[in-house]
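Read off the chains here:
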Amino acid sequence: MTLRRVSVDPLRQSIEHLGERLPRRADATVLLDFLEDDLREGLDALGDVESHFTELLAALRPGALSPRTLVDASDEALVLKRLVLLEDVVLRLRRRMSQAAGLMRQPPTT
């Protein structure tokens, strides 16, 4: 018998935990979906920004150091786009978290 390893998605678990605290309504379900999407999008963008800085550090290693390596590593086009996206996602997350807080304060519907 082979045991299948189930991977745990901490982001999904967090969304489910929040969902348990919100009223069982369609608008709450939609909010949770948008919140999860925004969190994933933000984390992906943040990962790209982190990769950019990792590449910059790698270009500064003694064995890699050359004018060409420095110029290639400093190409900021992608990271700047990701930073703009990240700013947008942070603003959306703030709005969605406020919406979730408002829903949490509402009495449960029957």
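### Some words on the overall build of the chain
Counting secondary structure elements, the chain contains 4 helices and 0 strands. Secondary structure elements of the chain occur, N-terminal to C-terminal, as α-α-α-α. The C-alpha radius of gyration of the chain comes to 20 Å, more than 25% above the 13 Å expected for a compact globule of 110 residues. Here the C-alpha coordinates of the chain stretch approximately 70 × 50 × 15 Å along the principal axes. The buried share among the 110 residues of the chain stands at 25%. Within the chain, counting contacts between residues at least 6 apart in sequence, those at least 24 apart form 71% of the total. Put simply, the chain shows about 8500 Å² of open surface, and 59% of that area lies on carbon and sulfur atoms. Computed over 16 positive and 18 negative side-chain charges, the inter-centroid distance for the chain is 6 Å.

### Some points on helix α4 (residues 77–105)
With 29 residues, α4 should cover 42 Å at 1.5 Å per step; its first-to-last C-alpha distance of 43 Å lies within 8% of that length. Taken together, the buried positions of α4 are V79, R82, L85, L86, V89, R92, L93, R96, A100 and L103. Buried residues along α4 sit against α1 (10–21) and α2 (26–59).

### Quick notes on the environment of L56
Mapped onto the elements of the fold, L56 is located in helix α2. By relative accessible area, which is 23% here, L56 ends up partly exposed. Sequence-wise, L56 and L80 are 24 residues apart; in three dimensions their C-alpha atoms are separated by 14 Å. The residues touching L56, leaving out its near neighbours within four places in the chain, are A73 and S74.

### Notes on the confidence of the model for the chain
In low-pLDDT segments, the atomic positions of the prediction should not be examined closely. Per-residue pLDDT for the chain averages 91, and the proportion of residues at 70 or more is 92%. Confidence scores differ between elements of the chain, with helix α3 (residues 67–73) showing the lowest mean pLDDT of 88 and α1 the highest of 96.

What counts as what
Residues numbered from 1 in each chain as written. Predicted model: local features only at pLDDT ≥ 70, side-chain atom pairs only at ≥ 80, totals over all residues. Heavy atoms only, no water. Helix = DSSP H or I, 4+ residues; strand = E, 2+ residues; numbered from the N terminus. Rg over C-alpha atoms; globule rule 2.2 N^0.38 Å. Buried < 20%, exposed > 50% of the residue type's maximum accessible area, 1.4 Å probe, protein only. Contact = heavy atoms within 4.5 Å. Areas by Shrake-Rupley, 256 points an atom, 1.4 Å probe, with all protein chains shown as cover. Lys, Arg positive; Asp, Glu negative; His and termini not counted. Charge placed at Lys NZ, Arg CZ, Asp CG, Glu CD. Expected span 1.5 Å × (residues − 1). pLDDT = per-residue confidence, 0-100.

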